[in-house]
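Reading the structure
Chain residues, written in single-letter form:
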Amino acid sequence: MKRHQKFTRSSLSVVALVVIAACSGGGESGTTEPDATTTVVEQAQDEHLYQATIRRTSDGVPHIVADDMKGLFFGQGYASGQDHACSLADQMLKITSTRAAALGAGDGDANINSDFAWKSIGINELARADYLIASPEITDQFESFAAGWNAHLEAVGTDGLTGWCAGADWVRPVTGEDVYTYARSIALNASGSRLAQYIATTKPPTDGAQPASFSAPELAPTPMASNGWAVGSDLVEGGKGGVLVANPHFPWEGELRFWEVHLTVPGEIDIYGANLTGVPGIGIGFTETFAWTHTVSAGSRFTAYTLNLDPSDPTTYLVDGEKVAMKPREFSIDVLGEDGSTSPVTRTLWFSEYGPILDFPGIGWSNAMVTTYRDANINNDEFIEQYSAMGRAQNFDEFILAHETFQGVPLFNTIAVSNDGRVWYGDVSATPNLTAEAEAEYKAQVAAGGIAAIGRQSGAIVLDGSKSINRWEEQEGARDPGLVPWSELPMLVRTDYVFNANDSYWLANGADVVTDNYSILHGEQGTARSVRTLENLRILSNGAGFAGDDGLFSGEELRDASIANTSYPGSQLATGIAARCATTPSVNIPAVVNGSGTEVIPAGAVDISAACAVMADWGQTFDLDDAGAPLFREWLGRISALSAWPQVWEVPFDANDPANTPRGLAPAPAVGDDPVLVALGQAVKVLELGGRTVDATLRETQFAPRASTRMPVPGGLGSDGVTNVVSWGGLGSSTETVPSRGDRVAPGSTLTADGYPINYGTSFIMTVDYTQGAPRAWAFLTYSNTGDRTSPLFDAQLKRFSEKDWRDVLFTDEQIAADPELVETVVFGD
């Protein structure tokens, strides 16, 4: 069948050359097409600055090939515009502080506050200055990407865009500088972006206000998690090569979606993987010789500071008793009114030596105290250089060298495998560098409680800004002044396995903890790991049996294990719970009360006999048809709500056996209520509130509210102890209208009247296998490669994911040419 896509010539001389998909069967007329790809030229080609071929294969994956790097990134920009133009256009409004001008004030002045916050963060100003002195290689990359994106926009017009911004008058062409600036803003997702909500409303006190009691700041969540496995030659079948499993847990809506792509310049670069929408290159991927993935680091990307203020001037703070004046800056933005006209709004925002002044909850800005922060990634221009170097690396050693040379990873652990069987873990992301004296002071402050301890609960390092020892220490070998240098970053090279599941670097391998005098800002040593980390370890050590009797993994075994949905707490506790409740058919439960004090579940006796039978038969997975998964999830939630975990584990956490503790179900208490059975009774009642029976399955209850249907989704919450994490999360900063979630039926539960809605979690999951020489790979992009909700592709990969129907990754020209869905488009421009 011939597939034609024709575009008119634009001022950029964009032309599409239509290509017929290779097929060996009869076409609509009954004739036989040649078993080869045939090109139909619509218009003669001349020499052009940019030219690329976009080869779309099954599930809409673009394989972009060009004769040079400029053409390659032009093609990537064009294909990105085809699939996700709206994401980049929307984010340009954010980082340029023009949302209010384009969209109005927003609910509760949300757009106004966003604009002022990003003005204050300053990445737009800083990145544009850096772009002027960036290397030609970088500017060529971004200019080419922008030219391709603009070429697509000009070819179809705003009305022809796919996605939610079609026809919007705020969609504009972009420059290379624009795209570069947006890429730099991504590096702030664990620092400035999380604090933006506390910046725009700060102003000095005028009434002698005193600070209130400090409460834990509700930082905007870092809407990213992940698992990453790299299994080396010691643990793979055949004893050669290795296998990587990439499983980032990211939002399914908004700007933090991945986009799958294959980039090739013959003889120069051939790399497959995914990147966040709207930026060039590959963020997670593989080549002929190595593969890598990322997980979000447990370390800190900023430090907050409390500032003790001069009693006579709340815009002056004290450091070692010396006065330091804050600096004011006046910012103006335009705001769209209901009549269609814009009017200016001006605010004065303030800065300490560290960065913007914050309006933290419970502190605000009184005559005595205010807070501020310093961002480890605000000057991270090396971030762009590093990922460019990673993509051009010819082997594993050059890949690691790119990390050492640029030290630009903003907020991730890196997990990588070489085709020679080596594996590497590194938490080499940007980390503030404190002196030993400052770290000791901070630990003492946390131990004493108060602001430092409360901030720690929310993932914020809060230091005493009145002491100069808490300024960052400058050392040789660091990317930028005040950061931890390369020689003091935790990393590990092995030939069995390394992994991470968002806990700290300490347990990157179950048999070889990473210990040294690493900064507390990298995360904790010697502390209990999450149940998700423990399930990752159980799988990689073959405690779950996926490697079979020989204990050696194939690529397929690791691939399937990543979404097997087995549960660490399920494997440790479910059998004991079933035995415990078999002799106790009824249990008295206390009432469950929500945050406003309303009783949602009354106290009383609950029949748990049916739940007990379900628990006994449950297969201990979060697969779609394994009855009992919702019941066990609610049991876990009730144990947490009862603060009963110390009474549940038979063997508590042991720092000398961190991969296997805590474990086992503790015996029932000799006196008093048994929290194991109380939690089971409450779980029964929570399910009843949601209209569910105790034998409910995830096929009935867990779903993604997508475009065409209610799609069942396998997997569990992080607290369910599975590797395949799915849940409900925030939208990031996108202004796209997306499905919403109903109210949860009870505190400590994610169940709603509709079930468990999903819009976050396993996203671009990929397995790369080097054990047979040339790489083999399989993948899902759960939410698809398009933002167009009307496209049949929008739900296609979610259906694959639901059915565990892995798609073979097409990496060679022969594999691509043989794909029955192949459609090629040649684009070029000047």
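Read on for a plain summary of the structure. Remember, predicted model here, so these are calculated numbers, not experimental data.

Quick look at the overall build of the chain now. Helix and strand counts for the chain come out as 21 helices and 38 strands. For 830 residues, the compact-globule estimate of 2.2 N^0.38 gives 28 Å, and the chain sits close to it at 27 Å. For the chain, with 830 residues in total, the buried portion stands at 60%. Contacts spanning at least 24 positions in sequence make up 70% of the contacts within the chain whose residues lie at least 6 apart. Per element, the accessible surface of the chain, about 30,000 Å² overall, is 49% carbon and sulfur.

Looking now at the state of the cysteines. As enumerated under the stated definition, the model contains 2 disulfides in all. Residue cysteine 86 pairs covalently with cysteine 165 via a disulfide, S to S 2.2 Å. With the S-S bond torsion at -85°, the cross-link from cysteine 86 to cysteine 165 turns out left-handed. A residue pair is termed long-range when its members are at least 10 positions apart, and cysteine 86 in helix α1 (residues 69-95) and cysteine 165 in the loop between α5 (136-156) and α6 (176-186) qualify at 79 residues. Per residue, the accessibility class of cysteine 86 equals that of cysteine 165, and both read buried. Linked covalently through their sulfurs, cysteine 581 and cysteine 612 form a disulfide whose S-S length is 2.0 Å. Disulfide cysteine 581 to cysteine 612: torsion about the S-S bond roughly 95°, handedness right-handed. Separated by 31 residues along the polypeptide, cysteine 581 in helix α14 (residues 568-581) and cysteine 612 in helix α15 (residues 609-617) bring together distant segments of the chain. Here cysteine 581 and cysteine 612 have matching classes, each one buried.

This part is about the sheet that holds strand β35 (residues 764-769). In spatial order, the strands read β23-β5-β6-β35-β36-β37; together these 6 strands make up an open sheet with antiparallel pairing. Looking along the sheet, the strands with just one partner apiece sit at the ends: β23 (497-500) and β37 (807-808). Of the pairings in the sheet, the one linking strand β6 (residues 243-247) to β35 comprises 4 bridges and is antiparallel in character. Its bridge partner lying in β35, valine 245 is registered against threonine 767. Along the sheet, helix α20 (residues 796-803) makes contact with β36 (776-781) and β37, crossing β36 at roughly 110°.

Let us now look at the sheet that holds strand β31 (residues 710-712). Ordered in space as β31-β30-β33, the 3 strands form an open sheet in which the pairing is mixed. Each of the sheet's edge strands pairs with one partner strand only, and the pair in question is β31 and β33 (756-757). Pairing analysis gives 2 bridges linking strand β30 (residues 702-705) to β33, with the strands arranged parallel. Looking at β33, one finds that phenylalanine 703 is bridged to proline 757.

Within the secondary structure, threonine 697 sits in the loop between α18 (675-689) and α19 (698-701). Exposure remark for threonine 697: the relative accessible area of 9% places this residue in the buried category. In this structure threonine 697 touches Leu624, Asp625, Asp626, Ala627 and Pro630, once residues within four positions along its chain are discounted.

Of all hydrophobic cores here, the largest spans 185 residues; its most connected members are Phe286, Leu631 and Trp635. The dominant element in this core, judged by the number of residues it contributes, is α1, at 12 residues. Core analysis: the second largest hydrophobic core is formed by 28 residues, Ile123, Ala196, Phe302 and Ile378 among them.

Our next topic: the side chain of arginine 692. Looking at the element boundaries, arginine 692 is found in the loop between α18 and α19. For the buried arginine 692, no salt bridge is present, and the opposite-charge side chain at shortest range is glutamate 700, 5.2 Å distant. Among the polar contacts listed, one links the side chain of arginine 692 to the backbone oxygen of glycine 690, at a separation of 3.4 Å. Apart from residues no more than four positions distant in its own chain, arginine 692 is found in contact with Leu687, Glu700, Thr701, Arg710, Ala753, Asp754 and Gly755.

All right, on to the pairing of strand β9 (residues 269-276) then. Along β9, 7 of the 8 residues are buried, which leaves the element largely enclosed by surrounding structure. Across 8 bridges, the pairing between strand β8 (residues 258-265) and β9 is antiparallel. In the strand pairing of β9, valine 261 is matched with glycine 273. Counting the residues between successive antiparallel strands, the hairpin from β8 to β9 contains 3 residues, one of them, glycine 267, with a positive phi of roughly 80°. Relative to strand β10 (residues 284-286), β9 is paired through 3 bridges, and the arrangement is antiparallel. The residue bridging tyrosine 272 from the neighbouring strand is phenylalanine 286, located in β10.

Moving on, we come to helix α4 (residues 123-131). Burial in α4 covers these residues: Ile123, Ala127, Arg128, Asp130 and Tyr131. Projection of α4 onto a plane perpendicular to its axis shows the buried side chains occupying an angular sector of 160°, all on one side. Check the buried side of α4 and you find it contacts α1, α3 (110-121), α5 and α6.

The end-to-end C-alpha distance of α5, which contains 21 residues, comes to 30 Å, matching closely the 30 Å that a straight helix rising 1.5 Å per residue would cover. Buried residues dominate α5, accounting for 15 of its 21 residues. After α5 finishes, the residue glycine 157 shows a positive phi value of roughly 75°.

Take empty space enclosed by the protein next. Counted under the stated rule, the structure contains 3 cavities of 30 Å³ or more. Space inside the largest cavity adds up to approximately 60 Å³. Every residue lining the largest cavity is listed: Gln407, Val428, Ser429, Ala430, Thr431, Arg479, Leu483, Val484 and Leu489. Partitioned by chemical class, the residues of the lining of the largest cavity number 5 nonpolar, 3 polar and 1 charged. Counted as a void, the second largest cavity has a volume near 50 Å³. In terms of lining residues, the second largest cavity is bounded by Gln91, Lys94, Tyr182, Ser185, Ile186, Asn189, Ser193, Glu255 and Leu256. Taken together, the elements giving at least two residues each to the lining of the second largest cavity come down to α1 and α6. The element contributing the most residues to the lining of the second largest cavity is α6, with 3 residues. In terms of residue class, the lining of the second largest cavity is built from 3 nonpolar, 4 polar and 2 charged.

For the rest of this paragraph, the subject is the pattern of salt bridges. Between side chains of opposite charge, a pair can form as their charged atoms come close. In total, this model carries 38 salt bridges according to the counting rule given. Note that aspartate 59 and arginine 800 form a salt bridge whose closest N and O atoms lie 2.8 Å from each other. You can see aspartate 59 sitting in the loop between β3 (50-57) and β4 (61-65) and its partner arginine 800 sitting in helix α20, a full 741 residues away along the chain. A residue is classified by how much of its surface remains accessible, and aspartate 59, at 11% relative accessible area, is buried. Among the salt bridges present, the one from glutamate 688 reaches lysine 685, with a minimum N-O distance of 2.9 Å. Separated by 3 residues within a single helix, glutamate 688 and lysine 685 lie in helix α18, roughly one turn from each other. The exposure class of glutamate 688 is partly exposed, given its relative accessible area of 45%. For lysine 685, a relative accessible area of 25% gives the class partly exposed.

What counts and how
- Residues numbered from 1 in each chain as written.
- Predicted model: local features only at pLDDT ≥ 70, side-chain atom pairs only at ≥ 80, totals over all residues.
- Heavy atoms only, no water.
- Helix = DSSP H or I, 4+ residues; strand = E, 2+ residues; numbered from the N terminus.
- Rg over C-alpha atoms; globule rule 2.2 N^0.38 Å.
- Buried < 20%, exposed > 50% of the residue type's maximum accessible area, 1.4 Å probe, protein only.
- Contact = heavy atoms within 4.5 Å.
- Areas by Shrake-Rupley, 256 points an atom, 1.4 Å probe, with all protein chains shown as cover.
- Disulfide = S-S within 2.5 Å.
- Pairing = 2+ DSSP bridges.
- Axes fitted to C-alpha atoms, helices over the stretch in contact; angles between N-to-C directions.
- Core = buried A, V, L, I, M, F, W, Y, C linked by side-chain atoms within 4.5 Å.
- Lys, Arg positive; Asp, Glu negative; His and termini not counted.
- Salt bridge = Lys/Arg side-chain N within 4 Å of Asp/Glu carboxyl O.
- Polar contact = N/O pair within 3.5 Å; in protein donor to acceptor, adjacent residues only side chain to side chain.
- Arc of directions from axis to C-beta.
- Expected span 1.5 Å × (residues − 1).
- 1 Å grid on protein atoms, 1.4 Å probe; cavity = no way out; pocket = protein on both sides within 12 Å on 5 of 7 lines; lining within 4 Å.
- Points joined across faces, edges and corners; volume = space filled by probe spheres on them.
- Nonpolar A, V, L, I, M, F, W, Y, C, P; charged D, E, K, R; others polar.

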